[in-house]
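Here is how the chains run, residue by residue.
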Amino acid sequence: MQNILKGYLTLFSIALLGGVVSLVGYKVLIERGRGQAKPTVGFVENYSPINVQTVSSKEGLPGLTDAAAVSTPTVVHIKSNIMVQSRRWGMFDDPFFDDFFGPSRPRSAQSSGSGVITSPDGYIVTNNHVVENAQAIEVILSDGRSYLAKIVGTDPSTDLALLKIEEQDLPYLPFGNSDQLAVGEWVLAVGNPFNLSTTVTAGIVSAKARNINILKEQTAIESFIQTDAAVNPGNSGGALVNSRGELVGINTAIASPTGAYAGYSFAVPVEIVKKIIQDLMVHGVVQRAFLGAEMIELNGVVSKKLGLEEIQGVYIEAINPGGSVAKAGIQPGDVIVKVDGKMLKNAAELQEYIGRRRPGDVVSATINRKGNIKEINIKLQNYLGTTDVIHRNEKKIIDDLGVELEELSSREKIRFNLRGGLKVLEVRPGKIHENTDIRPGFIITSIDNKKVETLKDLENILFSKNGGGLMMEGIYPNRTGVHYYAFGI
């Protein structure tokens, strides 16, 4: 027994001694390592993280602290009180259950976003989706002051809205020029993500004239500035700022599988913002110009399919009679390669360029017609086919119907054997939705026994009525017979 105990003690002593030796050796190695831890000069200079403010004078990179200091006081937090529909039976969110449990009931909810002060007297630009259907809007300044805001006007086609608070001598953000913004240029995103106070993130311009098909409006203009600055829920309506502290865009959307930032964000270019703001301030509604054509963006595959040599530009597939391009003499099959001398890379660029113009403006289009280059001047028109100013009350009459309409193309007229008509593209909340079961695809051919061939015809009929009822007649492309709908206005 003593021999066994003696053996254990010997083993323990050896293990203890080995541990001590190991610890001493490890300490020596660490101390030596500390003496050699300094990397080579080349590694430090070439790969160390960049301090933007320090390096700005040395390497030409921007110092962003001044831009952040200028922009943060001009970005506000917006809280919107809205009414949403909720169902008494929770998970069974289907109109079918209305027959058994009664209709859904509204409840109060709150959404939040950001906005940018654009003038010292309290005009604020934000996204339309931040204030859409809002019953009350609270604007909170960066210093904590709170105001109730009124909506000056909205434009769902660009997802922009203009608000007004009653205050003077406010800090405001000067406009920059998004046309001069270069891919690779540093920018800041300023907003209120996740209901936090004003937050600044930085990135570069990743691309321009991006169309991500996020806006639901048929006449939507999507030509976003794409950046890798972190933007999250709550940043909507906030500022995209260049290194000089100028507003170059309104942050609007993110590309994300989770709903949070995943690498790319998108902003409405400030050149569009300027135009929308001015229209809303002067007229209360946007004066939008339309080409009146169905277009296809060209690339290698599409060009080969169409038998074209061009792989850049916009292909005119069909033309609405009476529209801007039809009156200018542009034909189906033409390819618009330039507008006012600017080469078109994609359809989004053309869409943005026309969206920045007004009815009555003239633009020069360079077209390729089967190999022949032509210069054609296009006098732009509004959706009614005129150059007249559309006023808020006129737009309201049409908006109250709650439908998105489009004149029939030449091809559709031949197909349906009609001289004209208005195709329903979308049905939204409004008179038609409340009183009829009209569905997208319905073609309006007459109202009150008066032929409706153009949007101008519709306008004339609606504006001549003084209340009362309205009888709408039309057809469905895939159904037989004529359909009639009557409702009050």
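The structure this text deals with has already been given above.
Notes on the structure in this doc start here. (Residues numbered from 1 in each chain as written. Predicted model: local features only at pLDDT ≥ 70, side-chain atom pairs only at ≥ 80, totals over all residues. Heavy atoms only, no water.)

1. Some words on the nonpolar core
Right, on to step 1. Counting residues in hydrophobic clusters, the biggest one holds 29 residues, and the most contacted among them are Leu160, Ala239 and Val273.
Right, on to step 2. If you list the elements that add at least two residues to this core, you get α4 (65–71), β3 (123–126), β6 (160–164), β7 (186–191), β10 (239–242), β11 (247–255), β12 (264–269) and α7 (270–283).
Right, on to step 3. Residue contributions to this core peak at six residues, all from α7.
Right, on to step 4. Once you skip the residues sitting within four places of it in the chain, valine 273 turns out to touch Val125, Leu160, Ile250 and Val268.
Right, on to step 5. Listed in part, the 23 residues of the second largest apolar core include Ile432, Ile447, Ile461 and Tyr476. (Core = buried A, V, L, I, M, F, W, Y, C linked by side-chain atoms within 4.5 Å. Buried < 20%, exposed > 50% of the residue type's maximum accessible area, 1.4 Å probe, protein only. Helix = DSSP H or I, 4+ residues; strand = E, 2+ residues; numbered from the N terminus. Contact = heavy atoms within 4.5 Å.)

2. Quick word on the packing of aromatic side chains
Right, on to step 1. Summed over all chains, the structure comprises three aromatic pairs.
Right, on to step 2. Between phenylalanine 224 and phenylalanine 266 the ring centres are 6.2 Å apart and the planes differ by 55°, which places this aromatic pair in the tilted class. Of this pair, phenylalanine 224 sits in strand β9 (residues 224–227) while phenylalanine 266 sits in strand β12; the two residues are 42 residues apart in sequence, bridging distant segments of the chain. Here the two residues phenylalanine 224 and phenylalanine 266 agree in accessibility, since each one is buried.
Right, on to step 3. Ring geometry for phenylalanine 442 versus tyrosine 476: centroids 5.0 Å apart, planes at 50°, classification tilted. Residue phenylalanine 442 is located in the loop between α13 (431–435) and β21 (443–447), and its partner tyrosine 476 is located in the loop between β23 (469–475) and β24 (483–488); the two are separated by 34 residues in the primary sequence. (Phe/Tyr/Trp six-rings, centres within 6.5 Å; stacked < 30°, edge-to-face > 60°.)

3. With respect to the pairing of strand β19 (residues 403–407)
Along any regular strand, the residues point their side chains to alternate faces of the sheet.
Right, on to step 1. For β19, the tally of buried residues reaches five of five residues, placing the bulk of the element in the interior.
Right, on to step 2. Of the two faces of β19, the one carrying Val403, Leu405 and Glu407 and the one carrying Glu404 and Glu406 are both buried.

4. Observations concerning the pattern of salt bridges
Right, on to step 1. Under the defined criterion, the tally for this structure stands at 17 salt bridges.
Right, on to step 2. Between glutamate 404 and arginine 428 there is a salt bridge, with its nearest N and O atoms 2.9 Å apart. Highlighted residues: glutamate 404 in strand β19 and arginine 428 in the loop between β20 (422–427) and α13, separated in sequence by 24 residues.
Right, on to step 3. Three or more residues joined by partner-sharing salt bridges are found here, namely Asp143, Arg145 and Glu167. (Salt bridge = Lys/Arg side-chain N within 4 Å of Asp/Glu carboxyl O.)

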